[in-house]
Structure formats: C-alpha cells, structure tokens
Amino acid sequence: MRSLRLNNPPFRASAFTMIEVLLAIGIFGLVMVAIYSSWSSILRGTRIGLTAAAEVQRTRVAIHALEASLSSTVMYADNPKYYSFYADTAGNYAFLSFVARLPESFPGSGLFAGQSLRRVTFEVDKERNLLLSQSTLLDISDHPYTIKLAPNTRVFAVEFFNQRRAEWLPEWISTNQLPVMVRVAIDFGDKNVANEPVTIRTIPLTAMAITRVGGGMPTPNVANVPQAPGAPGMNNGGVDVVGDEAPQWAPNLPGGFWDNRGNAQLNPVFPH
C-alpha cells in the first residue's frame, strides 16, 4: 500500500524587528510629548488668565475702598489730635491714616453698627499685603480690625495736590489739613518690569476742616509756619506743618514716621 504523505508547508513565525519596535516607541513618544505640551500650554494660559483676573479684581476692590474712604474724609479743626491726616510716602510703600464717615457698603461696616465715623488706615506689611485697618474714633487699640485687601503688592504710591501752587507734591506733611485731591497708584503681582503700567486714580476730597462755628478752617500764614527742611515744593507757599513731634494721641504709625518728614521724592510711577 502506498502511503500518502501530506505535503504541509513549513510553519513560519512572524514578529516585529527591533527597528520597527524602536520606531513605534519613538512615534508614541512624540505623540505623548505633543499631547503634554498642548495640555501644559492650556494649563499655563489658564493660570495666567486667572492670575490676571485676580489682580484686576484686587485692584478694583482696593481702588473702591480708597475712593469710598478718601472721598468721605472728615476733619474737625478743634480736635486735630483725633482727626489728624497722617501720610508717609518716604518708604517703598505709602501709608495713609485718616478719619472718614464711611458708608454702610464699606468693607467691615457690619462690625461697627451705628459708628460710621471711623479711622481708616491703608498700609503694606512686610509680606507685601495691602492692609485696611479700621477702628472707632476714640478707641484706637493695638490690634484694630484689619482686612487683607490683596497680597503681592507691587506698587502703592500716593501724591497730593497743592492748590496754592497748582502742582502735585510727593508728600503731605500737614496733619491738620486735608489735600483737595489725592492721586493713588496701585498694582499687584510679581512683575519686575520697570515700565509696567499701573492703575492710577485721582480722588477728590470734598470735605474741609470744620471749626466750632461751622465754617471752614482759615488758611494760616505760611510765613509763620515752620517748614520741613529739604522738602521739595514746601517753601514759598507750601503746605502747612503741624510740628516735629507726634501729638499725644495717634494711631499705630510706621516706625520713623516723624523722622521721614520732608524726605519723600517724586515717584516715577506718576506722570509729571
């Protein structure tokens, strides 16, 4: 009997070569890098957008607080030690402290029910936080009610308009008088660009010093008022100076407040 022999073809195993494997891994890596780059760009853009929006909101809140308080400033000339207008612009950041009749919409008014007349202080701490402090007129404590308006304060500068000379002054050294206008420059963030634009607002102070008879405080004779040595624009019709020593009653003033009088220079953030 003839045996039947099946003529089956030999089995051939198929597989990827090393070059094909490396090429596939390289293509996969390029795709992953492209996806990661796109996702990273989206996250970076979102973060930058959120940061910019937060800075704009902080600027809006800070400007609103400054406008609401400065425009309602109160000065009673018969009690200058309680109503003094304190300003220090000789340091890196400005310091403002004054008395205002604040509206009910002002931040923190809920804690001062029926006490709209309060001392308001704007300052920047060592951590670059812009702080808003409030206290009742006759109760200045070491720890007033304080709100952190914004962190990462880059610019907080103030100038004052001298009506007599029709020019902006870098400081206001008269604690018993109010300027007619205050110009505020403010910005937040970690930008280190020297020419980076900042938000500037000119705020008019509609109040005037009220005496016991109800009229405005008369303008003193400038020639008989001591002048701060070296203060630009203070001689020949400058603002009035109350004296070199602090009054018996005052809020928490920054260190060296009275030594800085007359040392402020024109701030380049303001147009001149």
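Cut-offs applied
- What you see as residue numbers is a count from 1 along each chain, following the sequence as written.
- The predicted nature of this model means local features are confined to residues of pLDDT at least 70 and side-chain atom pairs, given and counted, to a pLDDT of 80 or more, with totals for whole chains, interfaces and linings taken over all residues.
- Water and hydrogen atoms were dropped before computing side-chain values, which therefore reflect all heavy atoms in the structure.
- Strands were regarded as paired on the criterion that DSSP finds at least two bridges between them.
- In DSSP terms, a helix is any run of H or I states spanning at least four residues, a strand is any run of E spanning at least two, and both are numbered starting from the N terminus.
- To obtain each axis, a line is fitted to C-alpha atoms, and for helices this fit is confined to the stretch in contact; angles are then taken between N-to-C directions over 0 to 180 degrees.
- Contacts were defined at the residue level, with two residues in contact if any of their heavy atoms lie within 4.5 Å.
- On a scale of 0 to 100, pLDDT captures the predictor's confidence in every residue.
- In this text, buried Ala, Val, Leu, Ile, Met, Phe, Trp, Tyr and Cys residues form a nonpolar core when linked through side-chain atoms within 4.5 Å.
- For every residue, the accessible area (1.4 Å probe, protein chains only) is compared with the maximum for its type, and the residue is labelled buried under 20%, exposed over 50%, or partly exposed between those bounds.
- Space inside and on the surface of the protein is sampled on a 1 Å grid over the protein atoms alone, with a cavity defined as a set of points where a 1.4 Å probe fits but cannot get out and a pocket as an open set with protein on both sides within 12 Å along at least 5 of 7 lines; lining residues have an atom within 4 Å of a point.
- Grid points are joined across faces, edges and corners, and a volume is the space filled by probe spheres set on the points.
- Polar here means any residue outside two lists: the nonpolar Ala, Val, Leu, Ile, Met, Phe, Trp, Tyr, Cys and Pro, and the charged Asp, Glu, Lys and Arg; Gly therefore counts as polar.
- Note on charges: Lys and Arg go in the positive column, Asp and Glu in the negative column, and His and the chain ends are not counted at all.
- Whenever Lys or Arg places a side-chain nitrogen within 4 Å of a carboxyl oxygen from Asp or Glu, that contact is recorded as a salt bridge.
- For this analysis, a polar contact is any N or O atom pair within 3.5 Å, provided that within protein one partner can donate a hydrogen and the other can accept it, and provided that sequence-adjacent residues contribute only side-chain to side-chain pairs.

Considerations on the sheet that holds strand β10 (residues 199–204)
And then number 1: Across the sheet, which stays open at both edges, the 4 strands sit in the order β8-β7-β9-β10 with antiparallel pairing between neighbours. Looking along the sheet, the strands with just one partner apiece sit at the ends: β8 (167–169) and β10. On average, each strand axis in the sheet is tilted by 30° relative to the strand beside it, whichever way the strands run.
And then number 2: As judged from the 7 bridges shared by strand β7 (residues 153–162) and strand β9 (residues 181–188), these two strands associate in the antiparallel manner. In the strand pairing of β9, Thr153 is matched with Phe188.
And then number 3: Along the sheet, helix α1 (residues 18–70) contacts β7, β9 and β10; its crossing angle with β9, the most-contacted strand, is approximately 160°.

Topic: the confidence of the model for the protein
A low pLDDT score tells you not to read the predicted coordinates there in detail.
And then number 1: In the predicted model, the protein carries a mean pLDDT of 78, and the fraction of residues at 70 or more is 76%.
And then number 2: In this model, residues 214–247 is a region of pLDDT below 50 whose contacts with residues beyond four sequence positions or in other chains number 74 contacts.

Some remarks on the nonpolar core
And then number 1: Phe85, Phe122 and Phe156 are the most contacted members of the largest nonpolar core, which totals 39 residues.
And then number 2: Broken down by secondary-structure element, the contributors of at least two residues to this core are α1, β3 (95–101), β4 (117–124), β5 (130–136), β6 (145–150), β7 and β9.
And then number 3: Broken down by element, the residue count for this core peaks at 6 residues, all from α1.
And then number 4: With near-sequence residues (within four places) excluded, Phe122 lies in contact with Ala65, Leu66, Ser69, Ala94, Phe95, Leu96, Phe98, Leu131, Leu132, Leu149 and Phe156.

Some thoughts on the layout of surface pockets
Where empty space is left in the structure can be found by rolling a water-sized probe over the atoms.
And then number 1: By volume, the second largest pocket is sized at about 260 Å³.
And then number 2: Around the second largest pocket, the lining comprises 19 residues; the ones closest to its centre are Thr89, Gly91, Asn92, Ala157 and Asn267.
And then number 3: A breakdown of the residues in the lining of the second largest pocket according to their chemical character gives 11 nonpolar, 6 polar and 2 charged.

A look at the sheet that holds β5
And then number 1: Read from one edge to the other, the open sheet built from 5 strands follows the order β2-β3-β4-β5-β6, with strand pairing classed as antiparallel. At either margin of the open sheet sits one strand with a lone partner, and together these are β2 (86–88) and β6. Direction aside, neighbouring strands of the sheet carry axes that sit 20° apart on average.

Details of the side chain of Arg261
And then number 1: Among the structural elements, Arg261 can be located in the segment after β11 (209–210).
And then number 2: Despite its burial, Arg261 pairs with no opposite charge; the closest candidate is Glu171, at 6.3 Å N-O.
And then number 3: Looking at Arg261, its side chain comes within polar contact range of the main-chain oxygen of Ile173, at 2.5 Å.

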